[in-house]
Amino acid sequence: MQGFASEFSAAMSLILEGDSELWSIVLLSLKVSVFAVLISALIGMPVGAALAVARFPGRRVLIIVMNALMGFPPVVVGLLVYLMLSRSGPLGVLELLYTPTAMIIAQVVLVTPIVAALTRQVIEMLAEEYSEQLRSLGVSRLASVPVLLWDARLALITALLAGFGRAIAEVGAVIIVGGNINHVTRVMTTTIALETSKGNLALALALGAILIGIAVAVNAIVSTLSLRAEQEGLRHA
Amino acid sequence: MRDLTLEIVRRLSVRNLEIARNGKALLTVPRLSLDGPGPTLILGPNGSGKSLLLRCLHGLIAPDRGQVEQDGAPLGLEHKARQAMVFQQPVLLRRSVAANLDFVLKRQGVPRRIRKTRIEELLDEGGLEGKARQSARSLSGGEAQRLAILRALALDPETLFLDEPTSALDPGATQTIERMIQRASNRGVRIVMVTHDIGQARRLAADIVMMQGGRVVEHGAAKQLLDAPESDASRRYLAGGLVT
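Small disclaimer: the values here were computed from a predicted structure and weren't measured.

> Quick question: what am I supposed to make of the overall build of chain B here?
When helices and strands are tallied, chain B shows 9 helices and 11 strands. Taking 244 residues into account, the globule formula puts the C-alpha radius of gyration at 18 Å, and chain B, at 18 Å, falls close to it. Overall, chain B is about 55 × 40 × 35 Å in size when its C-alpha atoms are taken along their principal axes. A total of 244 residues make up chain B; the buried ones form 45% of that total. Contacts in chain B between residues far apart in sequence, at least 24 positions, make up 68% of those at least 6 positions apart.

Dropping the structure here:
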């Protein structure tokens, strides 16, 4: 118990004294996940909105596939991205393996289906409500997409934060494609796994505390936005 | 037998209109006409096809047979652009009151400076001055419907369709809405409105289309139809009898 107390105390010191190694890991984690979520938003939101308003053969199958991808095991995603980026893989020439870019790619693959699926649910619900009114105002199906995206903005930010939560807490995929290289691809989750196995609990605990803090903050923002969206009549699906 | 060729704003007509679902005829209007400046009120019990007819006239529903025509030609986009519609449940954008009006003005290409002035005028007209920045979703039922009507009027329509706009409102809110509709009609906007409220028809209508079972059973000047209906269905409906 005394050992834990001293490790915890050391962990707090690392945080409060601004340990450069610790904060560089936190910064890299945030950079990777924020980039991944932004790219996922650029892909997932238009895809989700298109699936919500467009009608074409196979749409239902695509929605099922997209929903299934939300539960894709991260280690399998890591393995697939690894195979794509490895020296003998189709994208091996880019030499991205064991770089932050590889970790971003893995996180994009994990987060995009979440953003797309949540966007589709939100936009489909809103489109149903707006459909007749927008047609009455002469707004075409295609032109309705930006209107719907804007009016669903609170719920969509919630979807992005849900994606960010998944990305920042991810360990399986990023350790495979990032390699957990010190000062290069070492992020919070992979460092916690490594340092715990080495017995360096202070650093692991410090990162764990920050990770929990980020998770709580994200959840608090999601709850606040969900409440506001609900008050405006758009419940997050 | 009354001539049933429908002309709205003189050049709009409906002929041989048919809509069926699962083999059941929902709307059958062979020939029907509306003359004069209106307001025209479409009256009838629930399920009589009033709202369906209104949506056909506005081009929101394509009939299985027949067509809505203007100047003898099928209703086109240029005609629809001169129409607006207000629904039973107002559908307001999740934006401020002013932004709801700005949305339609901007789509019409009205310059920003003029939009600002026009929004102020519209808000004054609907008694919503001081609520410009308020979220449209936080308005009361009556205020929300007033905003929906103002947004429709912002399109500067030739014809304004209204689908039971006061069915969920109290008498005070209903009176305010009716005044807005009457003012729009006095300015030359052709009003075509669905209601099941006989009192409202008496207060607003210049002419009435009486519907039952997806068919027009009678059409004529409001006073004549309300005081001396020709069809049994109209007589029963106006007498408060059950009409299905």
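> Help me out: how do you make sense of the domain arrangement of chain B in this one?
Many analyses report the size of an interface as the accessible area lost when the parts associate. For chain B, the assigned domains read domain 1 (6-92 + 157-238) and domain 2 (93-138). Distance between the C-alpha centres of domain 1 of chain B and domain 2 of chain B: 27 Å.

> I tried to follow the sheet that holds strand S11 (residues 215-221) of chain B on my own but got confused; where do I start?
Residue and element names in this part refer to chain B. Strands sit in the order S7-S8-S9-S4-S10-S11 across an open sheet of 6 strands; the sheet is mixed. Single-partner strands in this sheet number two, and they are strand S7 (83-86) and S11. On average, each strand axis in the sheet is inclined to that of its neighbour by 15°, with strand direction left out of account. Looking at chain direction, strand S4 (residues 40-43) and strand S10 (residues 207-212) are connected through 4 bridges and run parallel. Within S10, the residue paired with threonine 40 across the bridge is aspartate 207. Its contacts with the sheet put helix H1 (residues 50-57) on S4, strand S8 (159-163), strand S9 (190-195) and S10, and the angle it makes with S9 is roughly 155°.

> Just checking my understanding: could you explain the interface of chain A and chain B for this structure?
Listed by partner, the interface residues are 12 residues for chain A and 15 residues for chain B. The biggest single contributor to the side of chain A that touches chain B is helix H5 (residues 100-136) of chain A, with 6 residues. Classifying every residue of the side of chain A that touches chain B by side-chain character gives 3 nonpolar, 4 polar and 5 charged.

> Can you help me understand unusual backbone geometry in this one?
In most cases, non-glycine residues show a negative phi, while peptide bonds are predominantly trans. If you check the backbone angles, glutamate 95 of chain A has positive phi at about 50° while not being a glycine. Position of glutamate 95 of chain A among the secondary structure elements: in the loop between helix H4 (74-85) and H5. Unlike most non-glycine residues, glutamate 164 of chain B shows phi in positive territory, near 45°. With respect to the helices and strands, glutamate 164 of chain B occurs in the loop between S8 and helix H6 (171-186).

> Got a minute to help me understand the confidence of the model for chain B in this structure?
As a note on interpretation, predicted positions should not be read in detail where pLDDT is low. Residue and element names in this part refer to chain B. Here chain B averages 88 in pLDDT, and 92% of its residues register 70 or above. The least confident element of chain B is strand S1 (residues 6-8), whose mean pLDDT is 44; the most confident is helix H5 (residues 141-154), at 96. Ignoring residues within four places in sequence, the model shows residues 1-9, a span with pLDDT below 50, making 33 contacts including any to other chains. Two summary scores accompany this predicted model of the complex, namely pTM at 0.81 and ipTM at 0.86.

> Sorry, what's going on with helix H6 (residues 144-151) of chain A here?
Because each turn of an α-helix spans 3.6 residues, side chains separated by three or four positions in sequence point in the same direction. Residues and elements named next belong to chain A. The complete set of buried residues in H6 reads Ser144, Val145, Leu148 and Asp151. Down the axis of H6, the sector holding all buried residues measures 140°, keeping them to one side. In this fold, the buried residues of H6 make contact with helix H2 (20-53) and H5.

Rules behind the numbers
- Residues numbered from 1 in each chain as written.
- Chains lettered and ligands numbered in written order.
- Predicted model: local features only at pLDDT ≥ 70, side-chain atom pairs only at ≥ 80, totals over all residues.
- Helix = DSSP H or I, 4+ residues; strand = E, 2+ residues; numbered from the N terminus.
- Rg over C-alpha atoms; globule rule 2.2 N^0.38 Å.
- Buried ≥ 20, exposed ≤ 12 C-beta atoms within 10 Å, placed from the backbone.
- Contact = placed C-beta atoms within 7 Å.
- Domains from an automatic or database assignment.
- Pairing = 2+ DSSP bridges.
- Axes fitted to C-alpha atoms, helices over the stretch in contact; angles between N-to-C directions.
- Nonpolar A, V, L, I, M, F, W, Y, C, P; charged D, E, K, R; others polar.
- pLDDT = per-residue confidence, 0-100.
- Arc of directions from axis to C-beta.

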